Amino acid sequence: MTFNAPVITIDGLSSSGKSTISVLLAEELGWHLLDSGMLYRSLAYLTELESVDVNSEEKIHRLMNNFKLSTINESNIYRVIYKNKDITDYLNTESVGINASIIAKIQFVRDLLLPIQHSCIKEPGLIANGRDMGTIVFPKAILKIFFTADIEIRAQRRYEELLKLGEDVDFSSVLSLLKARDEADKNRNISPVKPAHDAQIVDSSKLNIASVLDKILELYTISRVK
Ligand code: DC
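All values reported here derive from a predicted model rather than from experimental measurement.

How each quantity is defined
- Residues numbered from 1 in each chain as written.
- Predicted model: local features only at pLDDT ≥ 70, side-chain atom pairs only at ≥ 80, totals over all residues.
- Heavy atoms only, no water.
- Near = heavy atom within 4 Å.
- Polar contact = N/O pair within 3.5 Å; in protein donor to acceptor, adjacent residues only side chain to side chain.
- Areas by Shrake-Rupley, 256 points an atom, 1.4 Å probe, with all protein chains shown as cover.
- Helix = DSSP H or I, 4+ residues; strand = E, 2+ residues; numbered from the N terminus.
- Nonpolar A, V, L, I, M, F, W, Y, C, P; charged D, E, K, R; others polar.
- Pairing = 2+ DSSP bridges.
- Axes fitted to C-alpha atoms, helices over the stretch in contact; angles between N-to-C directions.
- Parallel < 35°, antiparallel > 145°, perpendicular 65-115°, else oblique.
- Left-handed = near helix turned anticlockwise from the far one by under 90°.
- Contact = heavy atoms within 4.5 Å.
- Core = buried A, V, L, I, M, F, W, Y, C linked by side-chain atoms within 4.5 Å.
- Buried < 20%, exposed > 50% of the residue type's maximum accessible area, 1.4 Å probe, protein only.
- Salt bridge = Lys/Arg side-chain N within 4 Å of Asp/Glu carboxyl O.

A. Examining the site of the ligand more closely. If you check the shell around the ligand, you find 16 residues, and the closest are Arg41, Arg110, Arg131, Arg181 and Arg188. At a separation of 2.8 Å, an oxygen atom of the ligand approaches a polar side-chain atom of arginine 131. Take arginine 181: an N or O atom from its side chain is 2.6 Å from an oxygen atom of the ligand. Isolated, the ligand exposes 450 Å² of accessible area, and the fraction of that covered by the protein chains is 95%. Every element with two or more residues in the shell around the ligand is listed here: α2 (37-49), α4 (94-103) and α8 (171-187). Examining the composition of the shell around the ligand, we find that three residues originate from one element, α2, more than from any other. Here the residues of the shell around the ligand are counted per class, giving four nonpolar, four polar and eight charged.

Structure (structure tokens):
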């Protein structure tokens, strides 16, 4: 597959900081942004909302006929539209995340989402974040970043994020759910989370956001002169 615009992929485990940095990078470069986790979250949310069996390929296919990605209001960030309604703001809860991790193990779901993700490549470029952006979805990306961070630090970030969303959570359950999701995402047979062989590893545990952004911009500049 040849791309008609450059792609930078940012993969990593949950709460590794990839979403925050992707938004900043997309703003800095003026590129489009695809948060692919949102697609799995959408299916998790919609199968529950519409009482669809997650193992029925036909039913999931039908659900996806009403599903599209779109950028709105001058923003370059793709949002999920279902039956002409923007559902993006309903997707960030802990329970939707857990169900998304289960749905993400199904091969036909991943296959169905592939062309949707490819359709997001638009000029001047695309930042795509998730688990398999560099390995499976955009293997020809010009720059591939893989984010890591200590589990305690990731759990703290997720805990603060959930508190801000008004969820009633405690730190120790956030930590154990994160560990369980790490295991599920790393050890599944299909598209497990791992760095692409040509990915640059960035450990965000001790770096602040501004220095992570600088580092990625520097890697991007180097990738352009190669
Ligand atoms: O990044 P996130 O927490 O929004 O992702 C939700 C789930 O979706 C995550 O547990 C694994 C899955 N996922 C995936 O399998 N592949 C992707 N490219 C993105 C997310």
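Past the structure itself, the notes keep going.
B. Structural context of the sheet that holds strand β3 (residues 67-71). The strand order across the open sheet built from three strands is β3-β4-β5, with neighbouring strands paired in antiparallel fashion. Looking along the sheet, the strands with just one partner apiece sit at the ends: β3 and β5 (85-86). Relative to β5, strand β4 (residues 78-82) runs antiparallel, the two being bridged by two bridges. In the strand pairing of β5, isoleucine 81 is matched with aspartate 86.

C. The arrangement of the packing of helix α7 (residues 151-164) against α8 in detail. Running from N to C, α7 and α8 point in directions that differ by 120 degrees, and their axes come no closer than 9 Å. If you check the angle between α7 and α8, you find them oblique. By crossing handedness, the relation of α7 to α8 is classed as right-handed. Contact with α7, carried on its side by Ile151, Glu152, Arg154, Ala155, Gln156, Arg158, Tyr159 and Leu162, involves Phe171, Val174, Leu175, Leu178, Lys179 and Asp182 of α8 and no other residues of that element.

D. Summary view of the sheet that holds strand β1 (residues 7-12). Within the open sheet, the five strands sit side by side as β2-β6-β1-β7-β8. Their pairing is parallel. Among the strands making up the open sheet, the edge pair consists of β2 (32-35) and β8 (200-203). The average angle at which neighbouring strand axes cross in this sheet is 20 degrees, direction not considered. Inspection of the sheet shows strand β7 (residues 143-148) paired to β8 by four bridges, in the parallel sense. Each bridged residue has a counterpart across the sheet, and for threonine 148 the counterpart in β8 is aspartate 203. Together, β1, β7 and β8 form the strand contacts of helix α9 (residues 209-225), whose direction differs from that of β7 by roughly 155 degrees.

E. Just the side chain of glutamate 94, in detail. One can find glutamate 94 in helix α4. Ignoring any residue separated from it by four or fewer positions in sequence, one finds glutamate 94 in contact with Arg158, Leu162, Glu167 and Leu177.

F. Here's a closer look at the nonpolar core. Ranked by internal contacts, the top residues of the largest apolar core, which has 39 residues, are Leu69, Leu126 and Phe138. Per-element tally for this core: the top contributor is α2, with seven residues. Ignoring sequence-local partners within four residues, the contact set of leucine 69 consists of Leu34, Met38, Leu39, Tyr78, Arg79, Val80, Ile116 and Cys120. Membership of the second largest hydrophobic core comes to 18 residues, among which are Ile8, Ile145, Val212 and Tyr220.

G. Main features of the pattern of salt bridges. One pass over the structure, following the stated rule, counts 11 salt bridges. Aspartate 86 is paired through a salt bridge with arginine 79; the nearest N and O atoms lie 2.6 Å apart. Note that lysine 144 is salt-bridged to aspartate 198, the shortest N-O span being 3.1 Å. Taken together, the residues lysine 144 in strand β7 and aspartate 198 in the loop between α8 and β8 connect sequence positions 54 residues apart. A relative accessible area of 37% places aspartate 198 in the partly exposed class. One connected set of salt bridges, linked through shared partners, spans Arg79, Asp86 and Asp89.

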